[in-house]
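Report on the structure
This is what each chain is made of:
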Amino acid sequence: MTSPADLSLVDGEPADDQLSDDERLFDELIANEQRIEPRDWMPDAYRKTLIRQISQHAHSEIIGMQPEGNWITRAPSLKRKAILMAKVQDEAGHGLYLYSAAQTLGITRDEMMDQLISGKAKYSSIFNYPTPTWADMGAIGWLVDGAAICNQVPLCRASYGPYGRAMVRVCKEESFHQRQGFEILLSLMQGTDEQKQMAQDAVNRWYWPSLAMFGPPDDQSPNSAQSMKWKIKRFTNDELRQRFVGMLVPQAEILGVTLPDPDLRVDEETGQYVIGEIDWDEFFEVLRGNGPCNAERLERRRTAHEDGAWVREAAAEYARKQASKTKAAA
Ligand code: BYC
């Protein structure tokens, strides 16, 4: 039998007079561009979506340290080494803010770490590609951090307070990262023919994966519509991808590199860039764990986690002793 509650469902949403006070307040805060804070009531699905997105984002930062970490010992000068080390440390910091933001939603750091090292959690597809040359450091900074900025600047306005606030600092640092990548490529493009070729080759390898980084096309993005209603996401995956290409084209001209898309053109009617076909089969294969470096990245993370066990034990023991000293003094 159909209940009165079912009858009042319009497009799957309860009628206004059936919302609880909590739900009404939540909806009002979202509608008025105000922030949801950790102690506020929120729908379970909102909480779950945020835990999913923020923890995946944190994992991406942590796994994302590896492709560049690969070049710290081989950077071409002391200055380049110092800059690269600072950048990789920034990524670690981003991971930590984001794990802390996710913890405010009720998941523990240990649970998130287990999800990552057991291979259950997703992290950005982009970090499953190799970095065989120094020019990859330039291409990652320019393309991957560039894509990250495009995606993350709107996240500074995410409706969940701790996530939006974490993004403000992250974005400032990402913009330094993007410039350092651009500058590496610019130096190579002003160098020998071999260096120019190395830069172009890195751009050729990172360009398409960086476009795929924005996520599946809108008609295959199951989470976008709801996340936009909740004002977690402010733009769709395709909108951000489009914006990114628009940002790259003039920069590629300054660099003197070619974007490896023969179909790239501006649509005269809309003024928008039209891009060639992204290889979505490759993207979904990487998500299934079958990218060129998925196994290596997870194995490295697992080893680092095991090697760090003594630090966690020592910190926990220290905290335990401090707590018992404080208790004894009270
Ligand atoms: N890779 O419905 P959709 C950095 C998944 S690190 C893997 O569109 P949503 C940096 C998606 O999770 C910055 N998985 O999802 C670090 C979903 O699966 P589940 C990384 C992807 O959430 C070091 C399914 O596909 N940035 O900058 O609405 C060095 C369907 O997708 C990907 C972030 O994490 C992908 N690329 O939108 C240098 C940004 N794309 O969970 C640089 C924060 C999609 O349903 N995240 N999937 O099983 C977001 O903005 C959104 O989560 C996404 C996806 C746009 C990525």
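So, a few notes on the structure that sits alongside this text. Computed from a prediction, not measured in an experiment: that's the story for all the values here. (Residues numbered from 1 in each chain as written. Predicted model: local features only at pLDDT ≥ 70, side-chain atom pairs only at ≥ 80, totals over all residues. Heavy atoms only, no water.)

1. Some words on the overall build of the chain
Along the chain, the regular secondary structure elements total 14 helices and 2 strands. For the C-alpha atoms alone, the extent of the chain along its principal axes is close to 70 × 70 × 35 Å. When burial is assessed residue by residue, the chain has 45% of its 330 residues classed as buried. If you take every contact in the chain between residues at least 6 apart in sequence, the share linking residues at least 24 apart comes to 75%. (Helix = DSSP H or I, 4+ residues; strand = E, 2+ residues; numbered from the N terminus. Buried < 20%, exposed > 50% of the residue type's maximum accessible area, 1.4 Å probe, protein only. Contact = heavy atoms within 4.5 Å.)

2. Considering helix H9 (residues 193–212)
Helix length check: H9 (20 residues) gives 30 Å between terminal C-alpha atoms against 28 Å at 1.5 Å per residue, within 8%. If you look at H9, its biggest bend is around 30°, right at Trp206, and the proline Pro209 turns up within four residues after that. Inspection of H9 places Ala199, Gln200, Ala202, Val203, Trp206, Tyr207, Pro209, Ser210, Leu211 and Ala212 among the buried residues, and these make up the whole buried set. Check the buried side of H9 and you find it contacts helix H7 (135–152), helix H8 (161–189), helix H11 (237–255) and helix H12 (280–290). (Expected span 1.5 Å × (residues − 1). Bend = angle between axes of the 7 residues up to and from the residue.)

3. Let's talk about the site of the ligand
As a structural note, the neighbourhood of the ligand is formed by 36 residues, with Gln56, Lys122, Ser221, Lys233 and Asn237 the closest of them. Interatomic distance of 2.7 Å between a side-chain N/O atom of Ser221 and an oxygen atom of the ligand. Alone, the ligand offers 1000 Å² of accessible surface; in the complex the protein occludes 91% of this. Elements represented by at least two residues in the shell around the ligand include exactly helix H3 (44–63), helix H5 (78–103), H7, H8 and H12. In terms of residues, the shell around the ligand owes the most to one element, H3, which gives 6 residues. The residue inventory of the shell around the ligand, partitioned by class, reads 13 nonpolar, 14 polar and 9 charged. (Near = heavy atom within 4 Å. Polar contact = N/O pair within 3.5 Å; in protein donor to acceptor, adjacent residues only side chain to side chain. Areas by Shrake-Rupley, 256 points an atom, 1.4 Å probe, with all protein chains shown as cover. Nonpolar A, V, L, I, M, F, W, Y, C, P; charged D, E, K, R; others polar.)

4. What about the side chain of Glu61?
Mapped onto the secondary structure, Glu61 falls in helix H3. In this structure, Glu61 is buried with no salt-bridge partner, the nearest side chain bearing the opposite charge being Lys87 at 7.8 Å. For Glu61, the contacting residues outside a window of four places in its chain are Glu91, His94, Gly95, Leu98, Gln152, Val170 and Glu174. (Lys, Arg positive; Asp, Glu negative; His and termini not counted. Salt bridge = Lys/Arg side-chain N within 4 Å of Asp/Glu carboxyl O.)

5. Brief notes about the packing of H8 against H9
Between H8 and H9, the shortest axis-to-axis distance is 7 Å and the interhelical angle comes to 140°. Here H9 runs oblique to H8, going by the angle between their axes. Across from Leu185, Leu188 and Met189 in H8, the residues of H9 making contact are Gln195, Lys196, Ala199 and Val203. Here the residues of the contact of H8 with H9 are counted per class, giving 5 nonpolar, 1 polar and 1 charged. (Axes fitted to C-alpha atoms, helices over the stretch in contact; angles between N-to-C directions. Parallel < 35°, antiparallel > 145°, perpendicular 65-115°, else oblique.)

6. Describing the packing of H7 against H11
Where H7 contacts H11, the two axes come as close as 10 Å, and the packing angle between them is 140°. Relative to H11, the element H7 lies oblique. Helix-helix and strand crossings are classified by hand; for H7 and H11 the assignment is right-handed. For the pair H7 and H11, contact is made by Trp142, Leu143, Gly146, Ala147, Cys150 and Asn151 and by Leu240, Arg243, Phe244, Met247, Leu248, Gln251, Ala252 and Leu255, respectively. Its residues assigned to classes, the contact of H7 with H11 shows 10 nonpolar, 3 polar and 1 charged. (Left-handed = near helix turned anticlockwise from the far one by under 90°.)

7. Things to note about the packing of aromatic side chains
Applying the stated rule across the entire model yields 9 aromatic pairs. Here the aromatic rings of Trp71 and Trp134 are separated by 6.2 Å at their centres, their planes lie at 70°, and the arrangement is edge-to-face. Of this pair, Trp71 sits in the loop between helix H4 (65–69) and H5 while Trp134 sits in the loop between helix H6 (109–117) and H7, and the two are 63 residues apart along the sequence. Given the relative accessible area of 9%, Trp71 is considered buried. Aromatic side chains Tyr207 and Trp208 sit 5.2 Å apart centroid to centroid with 80° between the ring planes, which places their arrangement in the edge-to-face category. You can call Tyr207 buried: its relative accessible area is 0%. Here the aromatic cluster, defined as three or more aromatic residues joined through ring pairs, consists of Phe26, Trp41, Tyr46 and Trp230. (Phe/Tyr/Trp six-rings, centres within 6.5 Å; stacked < 30°, edge-to-face > 60°.)

8. A few points about the nonpolar core
Ranked by size, the top nonpolar core spans 77 residues in total, and within it Tyr46, Ile54, Trp142, Tyr160 and Tyr163 carry the most contacts. Among residues more than four places away in sequence, those in contact with Trp142 are Gln178, Gly181, Phe182, Leu185, Val203, Leu248, Gln251, Ala252, Leu255, Val257 and Leu259. (Core = buried A, V, L, I, M, F, W, Y, C linked by side-chain atoms within 4.5 Å.)

9. A look at a negative patch on the surface
A grouping of Glu277, Asp279, Asp281 and Glu282 is seen on the molecular surface, where their side chains present a negatively charged patch. Structurally, Glu282 is set in helix H12. (Patch = residues over 30% accessible without salt bridge, like charges linked within 9 Å, V, L, I, M, F, W, Y side chains within 5 Å. Charge placed at Lys NZ, Arg CZ, Asp CG, Glu CD.)

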